[in-house]
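# Close look at the chain arrangement
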Amino acid sequence: VQRGVPLKSRGMTAAAANPSPVSLPLVDGMDPEDAFAELMYACQFALVDMARDAISRGACCTQPLPACGTTPLIAAARSGSEACVTLLLRSGAAAELHGPRGTLAIVGACAAGSVACVRALMQTRHDHVPLAVTGGLSPLAVACALGHDDCARELLARGIPVQPAAPG
């Protein structure tokens, strides 16, 4: 990956790079010269050097993607990239920001089965951060449902309640 070169000149699109059903509509319809579009792309595909470059060019770590409300941190957690998650947290991203349907980055990390991402996100967790998403699915429930036992053990070791409080 070439740093500092806009996505358009690299010939990259989110759809071409990852046909996965969990891909996000990141750069389609966005200005490929936009540092934020590059940051979202980098986070989705765990490209930490590209993410670092986009941040250095002024990409906002807390801005949600207008099309779907996903933040760079949620995209990085879903990709399972502890390096991108840590970079974003150190750059001011907030673990408590909600994405689409009330999801949090920690839920994405559990869905990806990334214990390293769960650890990084839990280190920044504050007591006021809710741990349930719409429909009552907690990070623990997601980890267990998807068979990510290591993530579940990590959450329990860090004091995540088995039954989260109802949102609201």
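Look up: the structure comes first, before these words.
Residues numbered from 1 in each chain as written. Predicted model: local features only at pLDDT ≥ 70, side-chain atom pairs only at ≥ 80, totals over all residues. Heavy atoms only, no water.

## Quick look at the overall build of the chain
What counts is decided by this rule: We count a stretch as a helix when DSSP gives it H or I for four or more residues in a row; a strand needs E for two or more, and each element gets its number in order from the N terminus. Each residue is placed in one exposure class: buried if its accessible area under a 1.4 Å probe, protein chains only, is under 20% of its type's maximum, exposed if it is over 50%, and partly exposed if it falls in between. The contact criterion used is simple: two residues touch if any of their non-hydrogen atoms lie within 4.5 Å. Here, Shrake-Rupley sampling with a 1.4 Å probe gives the accessible areas, and only protein chains in the shown set may cover a residue.
Each helix and strand counted, the chain has ten helices and zero strands in total. Its helices and strands in sequence order give the chain the pattern α-α-α-α-α-α-α-α-α-α, from N to C terminus. Looking at the chain residue by residue over its 168 residues, the buried ones come to 44%. In the chain, of all internal contacts separated by at least 6 residues, the share reaching a separation of at least 24 is 64%. Surface summary for the chain: the accessible area is close to 8000 Å², and the carbon and sulfur share equals 53%.

## Some remarks on the nonpolar core
Using the following cut-off: We call a set of buried residues a nonpolar core when its members are Ala, Val, Leu, Ile, Met, Phe, Trp, Tyr or Cys and they connect through side-chain atoms within 4.5 Å of each other.
Core analysis: the biggest nonpolar cluster contains 45 residues, and L73, V85, L88, I106, V118, L121 and L155 have the highest contact counts within it. Of all the elements in the fold, those that place two or more residues in this core are α3 (35-44), α4 (48-56), α5 (72-79), α6 (82-90), α7 (105-112), α8 (115-123), α9 (139-145) and α10 (149-157). Looking at this core element by element, the count peaks at seven residues for α3. Excluding anything up to four places from it in sequence, L73 contacts V85, L88, L89, A93, A94, A95, A105 and L121.

## As for the pattern of salt bridges
Quick note on the threshold: Throughout this description, the term salt bridge denotes a Lys or Arg side-chain nitrogen within 4 Å of a carboxyl oxygen of Asp or Glu.
The full count for this structure, using the stated rule, is six salt bridges. Salt-bridge contacts for R52 lead to D49; the nearest nitrogen and oxygen are separated by 2.9 Å. Placement of both R52 and D49 in helix α4 is noted, with a separation of three residues, approximately one turn of the helix. Under the relative-accessibility criterion, R52 is labelled partly exposed at 37%. Salt-bridge contacts for R119 lead to E154; the nearest nitrogen and oxygen are separated by 3.2 Å. In this pair, R119 is assigned in helix α8 and E154 in helix α10, connecting sequence segments 35 residues apart. Bridged by salt links that share partners, the residues E38, D53 and R57 form one connected network.

## Focus on the environment of S79
In plain terms, the rule: Side-chain atoms alone can form a polar contact between residues adjacent in sequence; in general such a contact is a pair of N or O atoms within 3.5 Å, and within protein one must be able to donate a hydrogen while the other accepts it.
Checked against the element boundaries, S79 lands in helix α5. Distance in space between the C-alpha atoms of S79 and F45 is 6.2 Å, their sequence separation being 34 residues. Leave out the neighbours within four places in its chain, and S79 touches C43, Q44 and A46. Of note is the side chain of S79, whose polar atom sits 2.7 Å from the backbone oxygen of A76.

The analysis is restricted to geometry; functional conclusions fall outside its scope.
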